[in-house]
Amino acid sequence: MAPTHYVDHGGTGPAVVVLHSFLMDATMFAPQVQAFGADYRFIAIDQRGHGETPATGPFDYWDSARDVLGVLDELGIDRAAFVGVSQGGFVAMRIALLAAERVAALAVMGTSAAAENPALVTTYRQLAANWLEMGPIDPIVDMVATICLGDMDASDWKAKWRARPTDTVEVLINALVDRDDIVARLGEIDAPALVLHGSADLAYPLERARELAEGLPKAEAPIVVEGGAHFLSLTNPTEVNSYLGPFLQANV
C-alpha cells in the first residue's frame, strides 16, 4: 500500500481531521482551515486516488478509513474530530465504526450511510467509461462540476480533473458505487454528530441526511443550508462555518 499524503496544518489545539469529497483533495477545506486553524490542529488527508495519494488497485472505503487511522498513528494522535463531505462522510462514519474510541465528534455534510442509488450506478459507470475513452472533455467535467459544486466557479477544480491520471477514474467510481450500506449500524456511532445538507444538493436527497440524523444516537435534526450544493463546505463556507464552529467548540 502506498503512503497516504496529508497536510498537518499544525498548532496545539485539538485535532480535527478533514476528509474531502470524490475527485477533490485536501485543499477543499481551505475555508475551514482559515476560519478555525488558530484554535485546532487540522489534518487534511488526500484519500486513495486523490491529490498526492495514489490508488495502486481496487479499494473500498473501509480501506480508506484504515488509511486515515494509520496517519493518526504516524502523528501520535489518539483522538480527533472528523469532518467529512460526501465521500469524506462515508470514510468518517467507517472510522467511527472501526475505532469508536478515537472519534471525539463527527460532522458530515452532503453524505449518506446508504448504498448508492441503483438508478445512478449505471450512470456513474458510464461516466467512468466515457472518461476512460474520451478523456476529461468539457461535457464530462462540466457535468461533474454542476452536480458537485453547483453555481460555484469550478475553473481551478476542472483544471485539476483534466490533469489527473485517466486510468484511475474507474477504480474511484467502483469504490463509490459498490460501497456497502451501513444505515443499520449507525446506532453504534456514539460520538456527538452534526449533519448538514444543502437544499440544492444534486447528488443525494435530504432524505439521506434525515436518515443519518435519525440513526446517529447523538445527532439532532439535520441542518439544511438553503441553496447549498453537494460539496457544501467549499461552496457554502460561511453557512457551514457558522454551525461547525460552535459544534467543534462544544465537543472537541
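Residues numbered from 1 in each chain as written. Predicted model: local features only at pLDDT ≥ 70, side-chain atom pairs only at ≥ 80, totals over all residues. Heavy atoms only, no water.

(A) Quick look at the environment of T238. Inspection of the secondary structure assignment puts T238 in helix α10 (residues 237–251). For T238 and P31, which are 207 residues apart along the polypeptide, the C-alpha to C-alpha distance reads 8.5 Å. (Helix = DSSP H or I, 4+ residues; strand = E, 2+ residues; numbered from the N terminus.)

(B) Seen up close, the environment of G11. For G11, the position within the fold is in the loop between β1 (6–8) and β2 (15–19). Judged by its relative accessible area of 55%, G11 is exposed. Measuring from C-alpha to C-alpha, the distance between G11 and D39 comes to 7.6 Å, with 28 residues separating the pair along the chain. (Buried < 20%, exposed > 50% of the residue type's maximum accessible area, 1.4 Å probe, protein only.)

(C) Looking closely at α10. Here α10 contains 15 residues, and its C-alpha end-to-end distance of 20 Å stays within 8% of the 21 Å for a straight helix at 1.5 Å per residue. The set of residues buried in α10 consists of V240, N241, L244, G245, F247 and L248. If you follow the buried residues of α10, they end up packed against β2, α1 (30–36), β4 (80–85), β5 (103–109), β6 (193–198) and α9 (232–235). (Expected span 1.5 Å × (residues − 1). Contact = heavy atoms within 4.5 Å.)

(D) Structural detail: the layout of surface pockets. Roughly 260 Å³ of volume is contained in the largest pocket. Split into classes, the residues belonging to the lining of the largest pocket amount to 14 nonpolar, 3 polar and 1 charged. Taken as a whole, the second largest pocket encloses approximately 170 Å³ of empty space. Contributing to the lining of the second largest pocket are 15 residues, with G49, H50, G51, R164 and P165 lying nearest its centre. A breakdown of the residues in the lining of the second largest pocket according to their chemical character gives 7 nonpolar, 5 polar and 3 charged. (1 Å grid on protein atoms, 1.4 Å probe; cavity = no way out; pocket = protein on both sides within 12 Å on 5 of 7 lines; lining within 4 Å. Points joined across faces, edges and corners; volume = space filled by probe spheres on them. Nonpolar A, V, L, I, M, F, W, Y, C, P; charged D, E, K, R; others polar.)

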